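# Structure at a glance
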Amino acid sequence: MRILVVEDNDRFGRLVVEHLSEADYIVDLVGTVEEFYSINSYMSFDLYIIDLGLPDGDGIKLIQRLRQNNNCTPILIATARARLDEKIRGLDAGADDYLVKPFNHRELLARIRALLRRKPTIQSELFTTPSLSFNMITGDLSCGDMNLQLRRGERRLLTLLIQHSGNTVTRELIESRLKNFQENCSSNSIDKMVSRLRKALAAAKSDLQLKTIRGVGYILEETRQ
Ligand code: CA
């Protein structure tokens, strides 16, 4: 599980990173809204921990913008702002939980576990196009009379591409997402997975095609007749 901590108080941020790392999470720490967008553009996270008072913007606006852009990654606000109306504003902006500083790291870890348990990784397990249906949980791919079952790597790759439909998915993002379950996610293994997924989509005569964006990554597109 990979967590992004957005915290401009360096000492506090490092302490949180230390506790999370001890609990075996992979953690990245950034101190500004700008840095958040930068790392978030090529890396995917399972949870964000966001401080509200940031040097180049307000955490609330950042959260609102993420939700407006359909980013449904769980968000935990960690802030010194303790007033009731501030908590309500934070949760209404789209955060999933709110923790007031100072807090005990054991409570932070328990709240993270609770959020990750109910993490909505995918809004619906079934993805359909005019000619195809794909179950992101089981990997079943159906196209007319043709039924295929994708292997785990291809299923995760296709799910990732669907979740970022219409956008280029970078190789770095694929690597960071697939590393969680596949120890050795080399550049070579991504190429093989892409090639197997292309073959499966072609075999199913699907209306989806996986385009290579040279030097960047891949994009999933529907081919309309
Ligand atoms: Ca702050």
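Here the structure is shown first, and the text comes after it.
A few points on the structure. Here the structure is a predicted model, which is why all the values come from computation and not from measurement.

## Here's the deal with the nonpolar core
- If you look at the biggest cluster of nonpolar residues, it comprises 27 residues, and the most contacted ones within it are Leu-132, Phe-134, Leu-141, Leu-158, Leu-161, Ile-174 and Leu-197.
- Sorting the residues of this core by element identifies strand S9 (132–135), strand S10 (140–143), helix H6 (152–163), helix H7 (171–178), helix H8 (187–203), strand S13 (208–213) and strand S14 (217–222) as the ones contributing at least two each.
- Residues contacting Leu-197, with those up to four places away along its chain left out, are Leu-150, Glu-154, Leu-157, Leu-158, Leu-161 and Leu-210.
- The next biggest cluster of nonpolar side chains, apart from the first, holds 21 residues, and it includes Val-30, Ile-50, Leu-54 and Tyr-98.

## Focus on the coordination of the calcium ion
- Protein ligation of the calcium ion involves Asp-8 (OD), Asp-51 (OD) and Gly-53 (O), the donor distances falling in the range 2.2 to 2.4 Å.
- Between the donor residues of the calcium ion, the gaps in sequence give the motif D-x42-D-x1-G.
- The buried category is assigned to Asp-51, whose relative accessible area is 6%.

## What to know about the sheet that holds S14
- Spatial strand order, S12-S14-S13: three strands in an open sheet with antiparallel pairing. The sheet is open, and its two edges are formed by strand S12 (169–170) and S13, each paired on a single side.
- Sheet topology places S12 next to S14; two bridges connect them, and they run antiparallel. Pairing of Val-169 across the sheet is with Tyr-218, part of S14.
- Each of S13 and S14 is contacted by H8, which is oriented at about 150° to S13, the strand it contacts most.

What counts and what doesn't
Residues numbered from 1 in each chain as written. Predicted model: local features only at pLDDT ≥ 70, side-chain atom pairs only at ≥ 80, totals over all residues. Heavy atoms only, no water. Core = buried A, V, L, I, M, F, W, Y, C linked by side-chain atoms within 4.5 Å. Buried < 20%, exposed > 50% of the residue type's maximum accessible area, 1.4 Å probe, protein only. Helix = DSSP H or I, 4+ residues; strand = E, 2+ residues; numbered from the N terminus. Contact = heavy atoms within 4.5 Å. Donors = N, O, S within 2.8 Å, 3.2 Å for Na, K, Ca; no water. Pairing = 2+ DSSP bridges. Axes fitted to C-alpha atoms, helices over the stretch in contact; angles between N-to-C directions.

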